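Structure assessment
Single-letter residue listing:
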Number of protein chains: 2
Amino acid sequence: MEYIPSKLLSNAVDQFSRLPGIGKKTALRLVLDVIKRDKKTVENFANSIVDLKKNIKSCKICCNLSDEETCLICQNQSRKHSIVCIVENIRDVIAIEQTGTFNGVYHVLGGLISPVDGIGPTDLNIEELKERVMQGNIEELIFALSANMEGETTCFYLSRLFKDKVNKISQIARGVAFGGDLEYTDEVTLARSIEARTVYNA
Amino acid sequence: MEYIPSKLLSNAVDQFSRLPGIGKKTALRLVLDVIKRDKKTVENFANSIVDLKKNIKSCKICCNLSDEETCLICQNQSRKHSIVCIVENIRDVIAIEQTGTFNGVYHVLGGLISPVDGIGPTDLNIEELKERVMQGNIEELIFALSANMEGETTCFYLSRLFKDKVNKISQIARGVAFGGDLEYTDEVTLARSIEARTVYNA
């Protein structure tokens with residue numbers, strides 16, 4: 001917006017509009033909201049980002065974002081460290097943690113293999129996973145990756161890499177989502193959900 | 001989100017989710033995007049806000065946000081300082097500036113009279129407008145306020161206050177918007193647009 005009559009404001013709007021999904025108009029709305037607050041609150045807002053950038057670490061076990069050398073999940077001794085769920089990023093960790101059903105640990109790949117985008121196995125945290133597997137305490141690897149081309153490619157690559165080194169490799173179930181209309185489910189999902197049918201217990 | 005496995009991350013997400021229209025999930029997406037950038041960029045982002053809050057001023061003539069004592073628009077001597085367009089906030093100033101059709105100056109009220117929300121004339125920048133009018137150089141006041149109850153109330157109040165003190169008080173035209181379907185235009189707008197019809201020049 002060349003029409004913002006203030007350099008300071010225009011600069012802040014530019015910074016906000018670099019955030020994903022935030023255009024110039026939304027950025028202006030956010031910035032005008034921020035400057036309505038008192039100085040201390042604004043400083044807290046700014047510091048939260050700088051602190052995060054300065055102090056956030058990558059867990060040296062699972063590569064998740066962490067405040068310390070190892071993350072809270074890897075530190076937790078009541079979890080099963082022999083079951084490792086492989087996910088793309090921290091958002092997937094949070095999503096699975098929210099279900100409250102998984103008691104193992106994670107490994108965060110930091111992406112998926114995608115030849116189109118030039119992302120190969122060496123760009124992901126696969127070396128770290130190899131090391132964990134080599135230490136010999138892992139019984140099961142669970143693939144919890146997106147059900148798309150990149151996810152499937154990554155699953156395939158990892159399964160070839162680890163099939164002789166762990167007892168069990170599994171994948172989260174694909175099927176008709178809860179609340180999903182059968183009629184509108186795509187044929188690949190529907191076909192897989194019939195193949196992978198489970199025993200019905202009434 | 002209690003499931004974020006990092007205090008630093010969770011704090012930044014909290015801060016972002018206080019922005020208007022930003023929920024926890026969006027906040028997490030924004031924060032994860034920010035920390036992917038290099039340290040300098042993150043600091044620039046944080047500083048842009050702190051600098052803005054610390055240094056932004058209210059123009060002592062028109063009450064618009066400004067980097068200096070008076071804003072760029074009030075400083076501009078090629079504009080007609082005798083024509084004052086009264087708006088609610090800086091976003092309206094930007095919207096009108098973007099049309100490129102107005103060559104006068106502005107007065108930013110900082111809100112609209114709204115008895116329901118407990119906002120009276122003393123909460124707005126009306127004293128400052130009185131002073132400008134008293135100095136006697138203003139020929140026309142243009143009301144460019146929202147076409148709702150609060151806007152109409154404010155127009156009415158201001159017109160009573162200034163009708164004997166300036167030559168001309170006008171209001172931006174209300175009517176069917178460009179691209180607007182006549183069929184779906186509400187009756188108040190349609191009625192007004194017929195009343196306020198203009199000569200058609202083919």
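To start, this report covers the structure provided alongside it.

About the cut-offs
- Residues numbered from 1 in each chain as written.
- Chains lettered and ligands numbered in written order.
- Predicted model: local features only at pLDDT ≥ 70, side-chain atom pairs only at ≥ 80, totals over all residues.
- Heavy atoms only, no water.
- Pairing = 2+ DSSP bridges.
- Helix = DSSP H or I, 4+ residues; strand = E, 2+ residues; numbered from the N terminus.
- Axes fitted to C-alpha atoms, helices over the stretch in contact; angles between N-to-C directions.
- Contact = heavy atoms within 4.5 Å.
- Buried < 20%, exposed > 50% of the residue type's maximum accessible area, 1.4 Å probe, protein only.
- Least-squares fit on C-alpha atoms with pLDDT ≥ 70 in both.
- Buried area = accessible area lost by both parts, 1.4 Å probe.
- Polar contact = N/O pair within 3.5 Å; in protein donor to acceptor, adjacent residues only side chain to side chain.
- Right-handed = clockwise from strand over helix to strand, strands pointing away.

**Quick look at the sheet that holds strand S6 (residues 168-171) of chain B**
Residues and elements named next belong to chain B.
- Reading across from one edge, S4-S3-S5-S6 is the order of the four strands in this open sheet, with parallel pairing throughout. Of all strands in the sheet, those with a lone pairing partner are strand S4 (105-108) and S6, marking the two edges. In this sheet, adjacent strand axes meet at a mean angle of 25° when their direction is disregarded.
- Looking at chain direction, strand S3 (residues 83-87) and strand S5 (residues 140-143) are connected through four bridges and run parallel. For Ile83, the partnering residue across the bridge sits in S5 and is Glu140.
- The sheet strands contacting helix H5 (residues 90-99) are S3 and S4, and the helix crosses S4 at an angle near 160°.

**Some points on unusual backbone geometry**
- Residues other than glycine seldom take positive phi values, yet Cys63 of chain A does so here, at roughly 70°.
- Mapped onto the secondary structure, Cys63 of chain A falls in the loop between strand S1 (57-58) and strand S2 (65-66).

**Overview of helix H2 (residues 24-34) of chain A**
- Considered for burial, the residues of H2 of chain A that qualify are Ala27, Leu28, Leu30, Val31, Leu32 and Val34 of chain A.
- Where H2 of chain A is buried, its residues meet helix H1 (7-17) and helix H3 (39-55) of chain A together with helix H3 (39-55), strand S2 (65-66) and H5 of chain B.

**Quick look at the relation of the copies chain A and chain B**
- Take chain A, turn it by 179°, move it 0.0 Å along the axis, and it overlays chain B with an RMSD of 0.1 Å. Put plainly, the chains are arranged around a two-fold axis. When each C-alpha of chain A is compared by its distance to the rotation axis, Ala46 of chain A comes out closest, at 2.3 Å.
- A high fraction, 100%, of the interface residues of chain A reappear at the interface in chain B, so the copies pair face to face through one surface.

**Regarding the interface of chain A and chain B**
- Counting from both sides, the interface comprises 53 residues of chain A and, opposite them, 53 residues of chain B.
- Of the roughly 5200 Å² buried between chain A and chain B, counting both surfaces, carbon and sulfur atoms make up 76%.
- Applying the counting criterion to the chain A and chain B interface returns ten residue pairs in polar contact (both at pLDDT 80 or more).
- Of all elements in the fold, only H1, H2, H3, helix H4 (72-75) and helix H5 (90-99) of chain A reach the threshold of two or more residues within the side of chain A that touches chain B.

**A short note on the pairing of S4 of chain B**
Residue and element names in this part refer to chain B.
- Burial along S4 is two-sided: the face carrying Val105 and His107 and the face carrying Tyr106 and Val108 are both buried.
- Relative to S4, S3 is paired through four bridges, and the arrangement is parallel. Within S4, the position partnered with Ile86 by the bridge is His107.
- Note that the unit made of S3, H5 and S4 has a crossover that is right-handed.

The values are spatial; any link to function lies outside them.
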